[in-house]
Amino acid sequence: GAVMRHTGAGLAIPDFPLAFGRIVPDLSSASVAVHYLHRMGALAIAVVATWTAAVAWRDHGDEPLLVRPAAGIAALVALQVTLGALTIWTAKAVLPTTAHVATGAVILATAVVLAIRSQRILVPAESPVGEMRPSGDAWRATA
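Enquirer: How should I be thinking about the pattern of salt bridges in this particular structure?
Expert: Scanning the entire structure with this criterion turns up 1 salt bridge. Measuring nitrogen to oxygen at the nearest pair gives 2.8 Å for the salt bridge that ties Arg 58 to Asp 59. Using a relative accessible area of 61% as the deciding quantity, one classes Arg 58 as exposed. Among the residues examined, Asp 59 registers a relative accessible area of 31% and is labelled partly exposed.

Here it is, written out as structure tokens:
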């Protein structure tokens, strides 16, 4: 996002969901390449956010400290994609563009919260980092 903003590539591809009417645009322009990579990164994040929420719900459904931020990230990513589309459709109107940037920051903060909670809940303090012990159906700390 920062690269998009600071290189002025925000409207390098002026249509959405396609890119110049195609799935993959001509990437000979640096601005178009930056913009397209931003979209592909967003797609990857959307897939990972959905997967993370599904795993949190499936494996740790009884642990709201994990499920809530995981579900929150998935919902925020859906909002972020919508705001990204609105940013393009409105030719970078102030409100959707600002909301898009702010939502990106909230997604990052929520991901940090999820990472910290995951570490605290799933890895016992007495275990080496990365080693987890099972407890019932889920992997969690015994402390």
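After that view, the rundown keeps rolling.
Enquirer: Got a minute to help me understand the layout of surface pockets in this structure?
Expert: Picture a little ball the size of a water molecule; that probe, rolled over the atoms, points out where space is still empty. Here the largest pocket defines a volume of roughly 1,100 Å³. Lining of the largest pocket is provided by 41 residues; of these, Gly 1, His 38, Ala 42, Gln 80 and His 100 occupy positions nearest its centre. Mapped onto the lining of the largest pocket, the elements with two or more residues apiece are α1 (2-7), α2 (30-60), α3 (64-89) and α4 (94-122). In the lining of the largest pocket, the residues fall into 26 nonpolar, 12 polar and 3 charged.

Enquirer: Is there a simple way to think about the packing of α3 against α4 in this case?
Expert: Geometrically, a packed helix pair is captured by the angle between its two axes and the distance between the axes. Two numbers describe how α3 lies on α4: the axes approach to 9 Å, and their chain directions differ by 160°. Overall, the two elements α3 and α4 adopt an arrangement that is roughly antiparallel. As for how α3 packs across α4, the hand of that crossing is left-handed. Counted by class, the contact of α3 with α4 contains 18 nonpolar, 9 polar and 1 charged residues.

Enquirer: I keep staring at unusual backbone geometry and nothing clicks. Help me out?
Expert: Comment: phi is negative for the bulk of residues other than glycine, and the bulk of peptide bonds are trans. The linkage connecting Phe 16 with the following residue, Pro 17, adopts the cis geometry, with an omega of 15°. Among the structural elements, Pro 17 can be located in the loop between α1 and α2. Phi at Phe 20 is positive, roughly 60°, even though this residue is not glycine. Among the secondary structure elements, Phe 20 is positioned in the loop between α1 and α2. The backbone phi angle of Lys 92 is positive, close to 65°, even though this residue is not glycine. The class of Lys 92 is partly exposed, set by a relative accessible area of 41%.

Enquirer: I'm lost on the nonpolar core in this one. Help?
Expert: Core analysis: the biggest nonpolar cluster contains 11 residues, these being Ala 49, Ala 56, Leu 66, Ala 70, Ile 73, Leu 76, Val 77, Ile 107, Leu 114, Ile 121 and Leu 122. Within the residue set of this core, elements represented by two or more residues are α2, α3 and α4. For this core, the element with the most residues is α3, which contributes 5 residues. If sequence neighbours within four positions are ignored, Ile 107 has contacts with Leu 76, Val 77 and Gln 80.

Scoring rules and cut-offs
Residues numbered from 1 in each chain as written. Predicted model: local features only at pLDDT ≥ 70, side-chain atom pairs only at ≥ 80, totals over all residues. Heavy atoms only, no water. Salt bridge = Lys/Arg side-chain N within 4 Å of Asp/Glu carboxyl O. Buried < 20%, exposed > 50% of the residue type's maximum accessible area, 1.4 Å probe, protein only. 1 Å grid on protein atoms, 1.4 Å probe; cavity = no way out; pocket = protein on both sides within 12 Å on 5 of 7 lines; lining within 4 Å. Points joined across faces, edges and corners; volume = space filled by probe spheres on them. Helix = DSSP H or I, 4+ residues; strand = E, 2+ residues; numbered from the N terminus. Nonpolar A, V, L, I, M, F, W, Y, C, P; charged D, E, K, R; others polar. Axes fitted to C-alpha atoms, helices over the stretch in contact; angles between N-to-C directions. Parallel < 35°, antiparallel > 145°, perpendicular 65-115°, else oblique. Left-handed = near helix turned anticlockwise from the far one by under 90°. Core = buried A, V, L, I, M, F, W, Y, C linked by side-chain atoms within 4.5 Å. Contact = heavy atoms within 4.5 Å.

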